[in-house]
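# Fold and geometry: a report
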Amino acid sequence: MSHPTLAKGFVNNKPRAQWHDKALWFVREKRDRMAHGVPEWEELRQQASAIKIHTMSQLPNYLEQFEKNAKALGVHVHWAIDGDEHNRIVHEILQQHNVKRVVKSKSMLTEECHLNPFLEKNGYEVVDTDLGERIVQLRNEPPSHIVLPAIHIKKEEVGECFHEHLGTEKGASDPNYLTEAARNHLRERFCSADAGITGVNFALAETGGFVVCTNEGNADLGVSLPKLHIACMGIEKLLPRASDLAVFLRLLARSATGQPITTYSSHFHGPREGSEMHIVLVDNGRSGILQSPEFRRSLNCIRCGACMNTCPVYRRSGGHSYESAVPGPIGSILTPLKTPESHSSLPFACSLCGSCTDVCPVKIDLHHQLLAMRGFLDRKKLLGMSKKLSMKFVSGLLSHKWMYTTAGSAARTALRWLPRFAVYNPLNGWGKQRELPEPPKSSFRDQYAAHKKQSGDKS
Amino acid sequence: MSSSSRETIFTNLRAALPESSPLPDLPPSGPWQTFDDPFARFCEVLGTVGGDCQRVATIAEANDQLAKIEPYQAAKVKVSVVDGLGDSTIDINAIEDPHDLENVDYAVLRGHFGVAENGAIWVTDDTLKHRVLYFVPQHISLVIPASQIVNNMHEAYDRIEVGKHAFAGFISGPSKTADIEQSLVIGAHGARSLTVFAVDEL
Ligand code: SF4
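Residues numbered from 1 in each chain as written. Chains lettered and ligands numbered in written order. Predicted model: local features only at pLDDT ≥ 70, side-chain atom pairs only at ≥ 80, totals over all residues. Heavy atoms only, no water.

### Examining the overall build of chain B
- Within chain B one finds five helices and eleven strands.
- For chain B, the C-alpha atoms occupy an extent of roughly 65 × 45 × 40 Å along the three principal directions.
- Counting the 202 residues in chain B, one finds 55% classified as buried.
- At a minimum sequence separation of 6, the contacts of chain B that also span at least 24 residues come to 70%.
- When the accessible surface of chain B is summed, it comes to about 8200 Å², and 45% of that surface belongs to carbon and sulfur atoms. (Helix = DSSP H or I, 4+ residues; strand = E, 2+ residues; numbered from the N terminus. Buried < 20%, exposed > 50% of the residue type's maximum accessible area, 1.4 Å probe, protein only. Contact = heavy atoms within 4.5 Å. Areas by Shrake-Rupley, 256 points an atom, 1.4 Å probe, with all protein chains shown as cover.)

### Quick look at unusual backbone geometry
Residues and elements named next belong to chain A.
- The phi angle at Asn140 is positive, at roughly 65°, despite the residue not being glycine.
- By secondary structure assignment, the location of Asn140 is in the loop between α8 (131–138) and α9 (155–166).
- When its relative accessible area of 70% is taken as the criterion, Asn140 is described as exposed.
- The phi torsion at Leu352 lies on the positive side, around 55°, for a residue other than glycine.
- By the secondary structure assignment, Leu352 is in the loop between α16 (328–338) and α17 (355–359).
- On the accessibility criterion, Leu352 (19% relative accessible area) is buried.

### Digging into the side chain of A:Arg183
- With respect to the helices and strands, the residue A:Arg183 is situated in helix α10 (residues 175–192).
- The side chain of A:Arg183 is buried and forms no salt bridge, while A:Glu180, the nearest opposite charge, is found at 4.9 Å.
- A:Arg183 has contacts with B:Gln138, B:Gly187, B:Ala188, B:His189, B:Gly190 and B:Arg192, leaving out every residue within four places of it along the chain. (Lys, Arg positive; Asp, Glu negative; His and termini not counted. Salt bridge = Lys/Arg side-chain N within 4 Å of Asp/Glu carboxyl O.)

### Side note on helix α2 (residues 14–36) of chain A
- For α2(A), built from 23 residues, the straight-helix expectation of 33 Å at 1.5 Å per residue is met to within 8% by its first-to-last C-alpha distance of 33 Å.
- Among the residues of α2(A), those classed as buried are A:Arg16, A:Ala17, A:Trp19, A:His20, A:Asp21, A:Ala23, A:Leu24, A:Val27, A:Arg28, A:Arg31, A:Asp32 and A:Ala35. (Expected span 1.5 Å × (residues − 1).)

### Description of the interface of chain A and chain B
- In this assembly, 97 residues from chain A lie in contact with 71 residues from chain B.
- Around 7000 Å² of area is buried between chain A and chain B when both sides are counted, 60% of it from carbon and sulfur atoms.
- When residues of chain A are sorted by the area they lose upon contact with chain B, A:Trp79, A:Arg183 and A:His267 head the list and together hold 10% of the total.
- Taken together, the connections running from chain A to chain B amount to six salt bridges.
- At the junction of chain A with chain B, the criterion picks out 35 residue pairs in polar contact (both at pLDDT 80 or more).
- By residue number, the principal contributor to the side of chain A that touches chain B is α10(A), which donates ten residues.
- In terms of residue class, the side of chain A that touches chain B is made up of 48 nonpolar, 26 polar and 23 charged.
- Pairing of strand β9 (residues 264–268) of chain A with strand β8 (residues 167–171) of chain B involves five bridges; the strand directions are antiparallel. The partner of A:Phe268 across the bridge, within β8(B), is B:Phe167. (Buried area = accessible area lost by both parts, 1.4 Å probe. Polar contact = N/O pair within 3.5 Å; in protein donor to acceptor, adjacent residues only side chain to side chain. Nonpolar A, V, L, I, M, F, W, Y, C, P; charged D, E, K, R; others polar. Pairing = 2+ DSSP bridges.)

Structure follows, in structure tokens:
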């Protein structure tokens, strides 16, 4: 289904869409405050981007180095070409250890590979232990955001869900009370699990170890009790040196939730005494993306979620409308790269405002890639006529300065004089819920020129 | 596992590698943020993430402060790996299975140094037998030398040897979540409180 169709229900519930919009904007503002508190923020982004671009240019070498060092630490290393193979490998390891119950901490990769349904089908009890993930798991739905999986759910709904599954009081919706109930429920699961599965935030070629970041401590609890730790990672997660972590840990939590660092940043190098550690390295389309000069920078993503928090379309349409493990701007690049046929509408869930590019901690040129993705899908003949026309219009507009300037002033006049139906018509999907702002009487360029004249060119 | 998948992945990766680009140098002194009073900054940031920092002259003084902490007073099962600070009701070195530590109410553990920019403390598993003690107790205290505060993460990585310990990490404040309507709740799965004792004579 197309993004506008999937978004309709969400958008039509106006108070809810506004509530969602606000909740994410609140996170975006926290991110801004944190970023402004670090004077060298832009320098950090620059470094992070350069480190990632370098790593990708040497990825096979770094992967070999990582594998060698991890093995030397006593870790079992596995390679999976796609999601199915990843799931099979995990299944085999669990079988070898006679595992029945698994606790999992948040991992977008296992979400991407649909590990949970696969394991459940094979008779395992799989419990997601991140609170947000547990909520969506109990509700039998996918996460709607990569960092805030339950951002679309109201506390009253969490209350209902917990009343049904965890026996909390009917009607209770206090987050403290509900979190306490989840804590007790999940403690039991932690203590009875036979294996812990985690994702990986960063893997280090230099040492063969990896870092997992959480606020709840669920990844750590999940792997420090049972005798088996399986870590699943995309092959793009590598960093060359341990010291590179300084750059990335400074950027990650500040960009994600506006915290100075996550509560726990755990560095794993080999198994605990008497237990086993496995790492599954997954390609699932990544090596193909690396071959594309147009889109390879999307592999630099560190999954902070900042681009979704700031995206006006994501905030108003909700994560589920993307039908993808990774929604929002970055998802609208990664997902159509993998499944262009079913996700051709995603790069159009974008107003090309460029806000995502501005906040991305690794400086991925997101809105340029989204535009390029439209061309990519067009070359694959996957676009309908209305999309093609609007594309021609936008690219023509952006490539001629005089046209852009004229179009701006025409829009300012038109917005004031056009009847409402011209702006809020069925062809303009994003007019549906958003009233356009009052157009300024003069453009910024005009105002700036007038101001300059007034102040006698002092500035 | 099939070794052929490994080969296929490497063949694909090498098929059209991007042009090589240099790895930037990251001098630990860098252009990075420093503070006039790193210790004050450390305590301030730790406070904003839900932790508490107490500066004391000696371990004996820390012990007096610990005795005043309510969760410590109420704790039934206690563990301390710091001589002279708090008691242990169980001998963790006699315990083989970490599951036997599920009911620990309060643990007093060691940290190595703090980071001013984010209130984090570096911990390593060589200071205690069961790493689960960082995560499973209801409340924890970390003890660090008051003189050991670095400005930022670059300085932090400059002084640690990553890879030396099977487990090591930064802990910044107690366990927390904001997954229900963005309301911050302290005590998601791990410790419900974190008190740092920064000791002058240690
Ligand atoms: S694309 Fe950039 S902003 Fe978006 S999730 Fe990835 S790293 Fe964060």
